[in-house]
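Commentary on secondary and tertiary structure
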Amino acid sequence: MTTINRVLIFDSNKAELIVDYNKDSVDVDVHKIIHKIPPNNSKLSYLYGDYLVNYESVDGIIYLVITHKDFDRQKSFGFISKLQHLDDLSDDSVASLLNTPTHQLHSNINQVKQVMIDNVDQIISRGDRIDNLVDRTNDMSSQAFAFRKRSTMLRRQMWYKNKRIQLLTGFVGVVSGFFTSESTLIKHQADALFIHVHVLWAFIDTLLALLVFILAPNCTIPSFNLNIISTYKLAKLTGSCLLRGSQLRMNFITSPSQTTPKRLNPLRLHTSLPTLSPTEQGKRIAAYAAVDANVSLDSRVIGIGSGSTVPYVIERIVQQGEANVQRVFIPTGFQSKQLIVQNDLVLGDVDQYPAIDVTLDGADEVDGNLNALKGGGACHLREKVLAEAANIFVIVADERKNSKLLGTTWTQGVPIEVAPFAYAKVLQNVQKLGAMRPTLRMGVRKAGPVVTDNANFVIDAPFSESYYRDPKELLMRIKMLTGVVEVGLFCGMAKAAYFGYSNGSVLIRSADGTVCEQASTRETTHNVYPRALEKDRHESRNGLQNVTKKQGAGPHAWGTYDEEINHYELGVKDTLVGLRMRNPHAAENSDTRHQRRTSNVSVEDRDNARKERLSLGNDITDLSAIARSSAAGSVNANANGDALVDAHVE
Ligand SMILES: O=C(CO)[C@H](O)[C@H](O)COP(=O)(O)O
């Protein structure tokens, strides 16, 4: 508020208002104020509402200046003194005095002065902050500089790293190209194409990286990098192909001319896998023998059981290569489903395929009549459905499961799957039936009972020896209990049980009562690398005789040619056992009951058979040809008199 609002001049001698300038702008009862002013000379300011009434009384003339209450009083009185010098006391002269440029100038200067004072105050109060701002700006610019420097270094480091990865990828690509150049090692043609395209790509990329590395290490170029997914896929494919390649070399009779489906080498069983414990080896060889004998290339719908032996079953099946493309696999539970999916096999379910060609499953114990206790893994409901649905049901286990009487080694009892709400009643009833302290199976690292894949509970009901003498009767009695869903007693279901022994042999019990022992096949170079053997026999690289026995440690035992033939024959003998298992009548010219088989084949027949067999070479795809050629050789082949094959009926 910087203006004078109203100006009055009153002559108290005459009681006359001489000037009342700008009378309407301020509503103040001036007469009331004038009457209060004493008659003597005086000078005072009154506060009247929002207004300040400044007056000076000089010799009966009262000068009043009304301003806003915030207006500077000094200015008002300065203006009053100017009024006193006016010659003409009138509204116009007061107005012109108010509007003189000097007065305006003063007023403007005062305004500017005030603004400057305000600004200076503000600047002083912000002084600190401005200093801070300047400091911070300096900091930021130095940080930005350091950041730019660091990011440049990082970019360079990343670039070098990238180039190193490219070099490595290129190297892997070239190596993979070398190993996978034979399409027999690759599962699908699409994979082969993928690998070859990427090998080429990686190679070009490597060259480019090298060039840039040498010529312009500080510049980055538009990259032909394999992206991360491609690199990963390439590495995975390469890895699996390398792995498959080595497995194939180990397990297949490979031949450039051989077309799919591949035939597993029946002469070769893995008996010396150093990483496996004896029990695991037993499981593996049992699984391999069972697959070899029961999963033919025609088997299209295959049931996969549960337990620790089953992964080896899958392993062997996977080795059958492209035969699996045509197949569908039915799981008995979560574990087997995982195995099927993880091995890229086609998954089905028993409701789609109620007729299964062959089901292979583990067991907790198997008696002399092929009755089995199952359900240690709580999968026995599905296992039984798949066993029943299968044309051939085969049990695969290690030697510990081979028993005369159930309940001997598996003492935790008969696994019984029950409806959850009925478990207490079944526990009572199964006890009444004769079970000794039946228990509800509890989860490990889970509070509460085991819940099966079918959302049921499991009761383990141990019985005394007498009950296991008639497992079928026991099965029927338990099954009759209300609330029981399935019983882990598999009676009269298996066609054969394969027990793998830690010494590398496989004992095969069949439903027809025959018991065969498939002896450990000796691991010879001839079995594993048949073509390498032929090559080495004829081409001595160091001039020494290749038939010299290898001394000291090492995976194979090079033998003399005769020894190799002997080993070969022993392998063929194993094949025969397998064949006989498939067709018990095929080699039944000898009714052997606890007897060593004897030969009625002449020496000449045997030599002819041997020649024929050797002429088959190693690309053995026709088992019947082997069988025909081996009939003679297989009997009496063991010149040392070792009991390698015994067939007897118990
Ligand atoms: O019946 C089973 C699961 O219900 C299994 O086949 C049985 O428990 C054998 O398992 P493993 O081979 O691990 O001993």
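What comes next is a walk through the structure. (Residues numbered from 1 in each chain as written. Predicted model: local features only at pLDDT ≥ 70, side-chain atom pairs only at ≥ 80, totals over all residues. Heavy atoms only, no water.)

If you tally the helices and strands in the protein chain, you get 18 helices and 20 strands. The 650 residues of the protein chain split such that 45% are buried. Once local pairs closer than 6 in sequence are excluded, the contacts in the protein chain between residues at least 24 apart make up 66%. Surface summary for the protein chain: the accessible area is close to 35,100 Å², and the carbon and sulfur share equals 56%. (Helix = DSSP H or I, 4+ residues; strand = E, 2+ residues; numbered from the N terminus. Buried < 20%, exposed > 50% of the residue type's maximum accessible area, 1.4 Å probe, protein only. Contact = heavy atoms within 4.5 Å. Areas by Shrake-Rupley, 256 points an atom, 1.4 Å probe, with all protein chains shown as cover.)

Residues of helix α11 (residues 423-433) that are buried include every one of Val426, Leu427, Asn429, Val430 and Leu433, and no others. Check the buried side of α11 and you find it contacts β12 (414-418), β13 (439-440), β14 (457-461), α12 (465-468), α13 (471-479) and β15 (484-487). Positive backbone phi, at 125 degrees, marks glycine 434, one or two positions downstream of α11.

Moving on, we come to the site of the ligand. Ser306, Ser308, Asp364, Gly375 and Lys401 are the nearest of the 17 residues found near the ligand. Threonine 309 places a polar side-chain atom, nitrogen or oxygen, 3.2 Å from an oxygen atom of the ligand. Cysteine 379 places a polar main-chain atom, nitrogen or oxygen, 3.0 Å from an oxygen atom of the ligand. Considering the ligand on its own, with 370 Å² of exposed area, one finds that the protein chains cover 89% of that surface. (Near = heavy atom within 4 Å. Polar contact = N/O pair within 3.5 Å; in protein donor to acceptor, adjacent residues only side chain to side chain.)

Turning our attention to the sheet that holds strand β5 (residues 61-68). The strand order β2-β1-β5-β4-β3 describes an open sheet built from five strands, whose pairing is antiparallel. Two strands bound the open sheet, and with one partner strand each, they are β2 (16-21) and β3 (42-48). In this sheet, adjacent strand axes meet at a mean angle of 15 degrees when their direction is disregarded. Judged from the seven bridges that link them, strand β1 (residues 4-11) and β5 form a sheet pairing that is antiparallel. What sits directly across from leucine 8, in β5, is leucine 64. Packed onto the sheet, helix α2 (residues 73-84) meets β1, β3, β4 (51-58) and β5 and runs at close to 35 degrees relative to β4. Docked against the sheet, helix α3 (residues 91-98) engages β1 and β2, running at close to 40 degrees with respect to β2. (Pairing = 2+ DSSP bridges. Axes fitted to C-alpha atoms, helices over the stretch in contact; angles between N-to-C directions.)

Evaluated as defined, the whole model comprises four aromatic pairs. The interplanar angle of 15 degrees and the centroid separation of 6.1 Å between the aromatic rings of tyrosine 46 and tyrosine 55 together place this pair among those described as stacked. Residue class for tyrosine 46 comes out partly exposed when judged on its relative accessible area of 25%. Judged by relative accessible area, which is 2%, tyrosine 55 ranks as buried. Ring geometry for phenylalanine 393 against phenylalanine 490: centres 6.2 Å apart, planes inclined by 35 degrees, an arrangement best described as tilted. With phenylalanine 393 in strand β11 (residues 390-398) and phenylalanine 490 in strand β16 (residues 489-490), this residue pair connects regions lying 97 residues apart in the sequence. The burial state of phenylalanine 393 is the same as that of phenylalanine 490; both residues are buried. Here the guanidinium or amino end of lysine 75 rests over the ring plane of phenylalanine 71, the centre of that ring lying 5.5 Å away. One Lys or Arg, lysine 374, reaches over the ring of phenylalanine 490 and ends 5.5 Å from the middle of that ring. (Phe/Tyr/Trp six-rings, centres within 6.5 Å; stacked < 30°, edge-to-face > 60°. Lys NZ or Arg CZ within 6 Å of the ring centre and 35° of its normal.)

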